[in-house]
Each structure stands twice: as C-alpha cells, then as structure tokens.
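# Observations on the three-dimensional arrangement
Each chain is listed here by its residues.
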Amino acid sequence: MSEHVDLLAIAAHRDDVELTCGGTLAKAVTAGHRVGIIDLTQGEMGTRGDAATRAAEAERAAKTLGVTVRLNAGMRDAHLENNEASRKKLVGLIRELQPRVVILPFPVGRHPDHRIASELGRDACYLAGLAKYAPSEGSEAHRPYKLLYALAYREDPVKPTFVVDISEVFETKMQAIRCYSTQFDGAKAAGEIHPTGQDLYELIRVQSAHYGSLIRRRYGEPFYTPETQEVEDVLKLGVQSI
Ligand SMILES: [Zn+2]
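So, a few notes on the structure that sits alongside this text. (Residues numbered from 1 in each chain as written. Predicted model: local features only at pLDDT ≥ 70, side-chain atom pairs only at ≥ 80, totals over all residues. Heavy atoms only, no water.)

## Looking at the nonpolar core
Leu 19, Leu 25, Ile 103, Phe 184 and Ile 204 are the most contacted members of the largest nonpolar core, which totals 44 residues. With six residues, the top contributor of residues to this core is helix α1 (residues 16-30). In contact with Ile 103, other than residues within four places in its own chain, are Leu 7, Leu 8, Ala 9, Ile 10, Cys 21, Thr 24, Leu 25, Leu 148, Ala 150 and Phe 223. Ranked by size, the runner-up nonpolar core spans 30 residues in total, among them Leu 90, Val 91, Ile 94 and Ala 117. (Core = buried A, V, L, I, M, F, W, Y, C linked by side-chain atoms within 4.5 Å. Buried < 20%, exposed > 50% of the residue type's maximum accessible area, 1.4 Å probe, protein only. Helix = DSSP H or I, 4+ residues; strand = E, 2+ residues; numbered from the N terminus. Contact = heavy atoms within 4.5 Å.)

## Side note on the coordination of the zinc ion
Within the protein, His 13 (ND1), Asp 16 (OD), Asp 16 (OD) and His 114 (NE2) serve as the donor atoms for the zinc ion, at 2.1 to 2.5 Å. For the zinc ion, the four donor atoms are set out with angles of 55 to 119 degrees between them, so the coordination reads as irregular. Donor residues binding the zinc ion come from one chain and are separated in sequence as H-x2-D-x97-H. On the basis of relative accessible area, His 13 is assigned to the buried category, the value being 6%. With a relative accessible area of 8%, Asp 16 lands in the buried category. (Donors = N, O, S within 2.8 Å, 3.2 Å for Na, K, Ca; no water. Tetrahedral: all angles 85-135°; square planar, octahedral: opposite > 155°, others 65-115°.)

## Observations regarding the packing of aromatic side chains
Enumeration over the complete set of coordinates arrives at four aromatic pairs. With centroids separated by 3.8 Å and ring planes inclined at 15 degrees, the aromatic side chains of Phe 170 and Tyr 219 adopt a geometry described as stacked. Here Tyr 219 lies in the loop between α7 (200-213) and β7 (220-224) and Phe 170 lies in helix α5 (residues 170-178), a separation of 49 residues in the sequence. With respect to class, Phe 170 is no different from Tyr 219; both count as buried. The ring of Tyr 145 has Arg 100 sitting right over it, with the charged end atom 4.1 Å from the ring centre. Directly above the aromatic system of Tyr 201 lies the positively charged group of Arg 178, at a separation of 4.2 Å from the ring centroid. (Phe/Tyr/Trp six-rings, centres within 6.5 Å; stacked < 30°, edge-to-face > 60°. Lys NZ or Arg CZ within 6 Å of the ring centre and 35° of its normal.)

## With respect to helix α3 (residues 84-97)
When the terminal C-alpha atoms of α3 are compared, their 20 Å separation across 14 residues agrees well with the 20 Å that a helix rising 1.5 Å per residue should span. Within the span of α3, buried status applies to Ser 86, Arg 87, Leu 90, Val 91, Leu 93, Ile 94, Arg 95 and Leu 97. Where α3 is buried, its residues contact β1 (7-11), β2 (35-41), β3 (69-75) and α4 (112-127). Measuring from the side-chain oxygen of the N-cap residue of α3 to the backbone nitrogen of Ala 85 gives 3.2 Å; that N-cap residue is Asn 83. (Expected span 1.5 Å × (residues − 1). Polar contact = N/O pair within 3.5 Å; in protein donor to acceptor, adjacent residues only side chain to side chain.)

## Section: the pattern of salt bridges
Under the counting rule described, the total for this entry stands at 11 salt bridges. Between Asp 39 and Arg 70 there is a salt bridge, and its shortest N-O distance comes to 2.7 Å. Of this pair, Asp 39 sits in strand β2 while Arg 70 sits in strand β3, and the two are 31 residues apart along the sequence. In this pair, the class of Asp 39 matches that of Arg 70, namely buried. Residue Glu 202 pairs with Arg 205 through a salt bridge whose shortest N-O separation is 3.2 Å. Taken as a pair, Glu 202 and Arg 205 lie in helix α7 at a separation of three residues, close to a single helical turn. (Salt bridge = Lys/Arg side-chain N within 4 Å of Asp/Glu carboxyl O.)

Set out below in structure tokens:
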C-alpha cells in the first residue's frame with residue numbers, strides 16, 4: 001500500500017526517463033505528488049558501464065528527482081519483447097504501484113526497445129485493469145486513467161499535445177542526467193538524441209529550450225496523447241498566439 005504512486009514513468013533503459021521526462025517527474029514531486037519509475041531492463045548491453053554501476057547511478061538519479069519508488073523489471077536489454085511473460089510481469093508492477101497517470105516512450109524510436117517498451121507499457125496498463133487477468137494474492141486490478149507519450153527528441157510529424165514548463169526544475173533534471181556519468185561524460189549522443197558534434201549536456205539544454213519556446217517558456221518537455229484534451233474555460237488558455 002505504501003508503494004502507491006500518482007504518476008509513473010515506464011521506459012526501457014535506466015536513464016531514458018531522465019532524458020525524456022525527468023523535469024516533469026521532478027515538477028510533480030515539487031507539487032506534492034508521489035512519483036515512481038519502472039525501468040524494464042538493467043542496461044546490460046550498454047557500451048559503457050556495467051549493470052551494477054548503472055543500478056547505483058539510477059538510484060542516485062531517482063533520489064535527485066525525488067521519486068518515491070524505482071523498480072526494475074529485469075527484462076533483457078536489446079531483447080525487449082511484448083509477449084505474455086513480459087506483459088504479466090509489468091501488469092504485476094503496475095498493480096503494485098496503482099498509478100493514475102503513466103508516462104510511456106513515444107511509439108516510434110531509434111532503439112527497438114523504445115518502440116517495444118511503448119507498446120508493452122500500453123498493453124500492460126490496459127490488462128492491469130482486467131480483474132481476471134493474472135490475478136494474484138494481495139494484488140488489486142488497476143487501470144491507469146491517463147497515458148502520456150514522451151515526445152522529446154523525436155522528429156516525427158507529430159505536434160506535442162502539450163508541453164510541461166520545466167524551467168523551475170531544469171537544473172534538477174540536468175543533475176539527474178549527470179548521475180549517469182559512466183554513460184554520458186564526454187558523450188555526443190544518447191537515447192533518441194542524434195549527435196550534432198555538441199556536448200550531450202549542451203544538446204539536451206538546447207532541445208529543452210526549443211520545447212520551452214513552443215509554450216513561450218525557457219525550458220519544456222513535450223508530450224503526446226491520441227485523445228483530445230478538454231478545456232473548461234477558454235479565457236484561461238495559455239501560450240500567446242500572435
Ligand atoms: Zn533507452
């Protein structure tokens with residue numbers, strides 16, 4: 001019961017969520033929400049650093065962001081599959097955490113694991129709500145209310161449904177990313193970020209500033225939802241048009 005969270009980010013590799021939605025997670029913590037992370041793999045295929053080092057780095061990054069719980073599903077890095085076994089495993093973890101909102105990777109990605117993680121996460125969120133699917137003692141069926149797809153660094157012809165203003169927590173996001181020093185120090189690319197020759201940390205700052213500019217803020221993180229968002233009062237709409 002004590003492990004329940006309001007917001008949960010699910011991704012393939014340790015460091016994925018810091019890169020795509022770390023600011024949004026830190027901001028939710030600041031707002032008083034309970035936040036969790038599920039990394040599906042242990043990152044054992046990474047060129048730099050072993051799984052044990054990455055585990056310690058992920059733990060430090062979670063503390064930096066202020067998240068309540070960070071679980072690892074122990075699936076095989078670079079061999080991620082959306083199958084009966086992986087769905088069942090993830091359904092169990094989602095039921096344990098009972099999140100209201102779940103952030104998933106965008107369904108298109110450079111790394112095959114990112115695409116699979118998106119599909120697997122979406123399917124598991126649905127199945128977790130079916131009481132007769134893989135029932136287990138002390139585990140309650142639960143379907144998250146809202147799924148958000150993290151759109152950062154993607155160039156697909158998809159406009160963000162919304163951008164979260166992360167200006168206030170941008171340094172926290174960067175600090176969490178810097179926890180993965182074995183991965184990123186001196187790196188020119190990571191995750192969905194293509195190399196441009198610039199330092200990776202600078203590249204993340206520039207991209208975050210671009211997303212921030214879409215909502216006339218300093219730094220932002222973009223998200224996509226297939227469903228249309230509701231507006232209660234058009235007079236409270238933000239982001240100046242002209
Ligand atoms: Zn990744």
